[in-house]
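Here is how the chains run, residue by residue.
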Amino acid sequence: MDKGKELQIQGYKTFICPNISLIDEICKDYNIREDIIEKAKNIAIEYFKKTYHNPPYSSAVHVLPAAFYIASRLKGEKRSQKDVAIKFYTTVVTIKKWYINIMLVLDIKTLERD
């Protein structure tokens, strides 16, 4: 493996992966279904992989509630942005900003059930 790729993987593990556990921590408190948790983490990881070299976020923590919002909707649990904002201690504006960005980057067309 070349040195650049190795550094990228190390950076990803150091700065992004530890934040993913926030989804587990918050969802555990609200008894969220495991399939929604996994979908949220997969969405977040895929988004971080695609934006790693030029991240539009100042902190990965801002992106995670939006990934959860998208995952919930895709898995048939229609949660409001307000509900997600309360659970993740953030704002509706933050959820809206990041869920739109995530959907564009990952080419998610609608929030219909998968």
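The structure under discussion appears in the preceding block.
The text that follows walks through the structure, step by step, so that each part is easy to find. (Residues numbered from 1 in each chain as written. Predicted model: local features only at pLDDT ≥ 70, side-chain atom pairs only at ≥ 80, totals over all residues. Heavy atoms only, no water.)

1. Overview of the overall build of the protein chain
A count of helices and strands for the protein chain gives 6 helices and 0 strands. Mapped from its N terminus to its C terminus, the protein chain presents α and β elements in the order α-α-α-α-α-α. Of all 114 residues assigned to the protein chain, the portion counted as buried reaches 39%. Carbon together with sulfur atoms contributes 53% to the accessible area of the protein chain, which is approximately 6,800 Å² in total. (Helix = DSSP H or I, 4+ residues; strand = E, 2+ residues; numbered from the N terminus. Buried < 20%, exposed > 50% of the residue type's maximum accessible area, 1.4 Å probe, protein only. Areas by Shrake-Rupley, 256 points an atom, 1.4 Å probe, with all protein chains shown as cover.)

2. Focus: the side chain of Thr51
Summarising the element assignment, Thr51 is placed in helix H3 (residues 34–51). Only 2.9 Å separates the side chain of Thr51 from the backbone oxygen of Tyr47, close enough to count as a polar contact. (Polar contact = N/O pair within 3.5 Å; in protein donor to acceptor, adjacent residues only side chain to side chain.)

3. Brief notes about the packing of H3 against helix H6 (residues 92–106)
At a closest axis distance of 10 Å, the pairing of H3 and H6 adopts a crossing angle of 70°. Relative to H6, the element H3 is oriented roughly perpendicular. Residues Ile43, Glu46, Tyr47, Lys50 and Thr51 of H3 pack against Trp98, Asn101, Ile102, Val105 and Leu106 of H6. (Axes fitted to C-alpha atoms, helices over the stretch in contact; angles between N-to-C directions. Parallel < 35°, antiparallel > 145°, perpendicular 65-115°, else oblique. Contact = heavy atoms within 4.5 Å.)

4. Thoughts on the nonpolar core
Side chains that are nonpolar tend, in soluble globular proteins, to be buried together. Counting residues in hydrophobic clusters, the biggest one holds 33 residues, and the most contacted among them are Ile43, Phe48, Phe68, Ile70 and Ile102. The leading source of residues in this core is helix H4 (residues 64–74), at 8 residues. Excluding anything up to four places from it in sequence, Ile70 contacts Ile43, Tyr99, Ile102, Met103, Ile108 and Leu111. (Core = buried A, V, L, I, M, F, W, Y, C linked by side-chain atoms within 4.5 Å.)

5. A look at H4
In terms of residue burial, H4 counts as a mostly covered element, since 10 of its 11 residues are buried. Within H4, burial applies to Leu64, Pro65, Ala66, Ala67, Phe68, Tyr69, Ile70, Ala71, Ser72 and Leu74.

6. Concerning the packing of aromatic side chains
On inspection of all chains with the given rule, the structure shows 3 aromatic pairs. When the ring centre of Tyr30 is taken as reference, the NZ or CZ atom of Lys87 above it lies at 4.5 Å. (Phe/Tyr/Trp six-rings, centres within 6.5 Å; stacked < 30°, edge-to-face > 60°. Lys NZ or Arg CZ within 6 Å of the ring centre and 35° of its normal.)

7. Description of the side chain of Gln81
For Gln81, the position within the fold is in helix H5 (residues 81–87). Residues within four places of Gln81 in sequence aside, it is in contact with Tyr69, Val92, Ile95, Lys96 and Tyr99.

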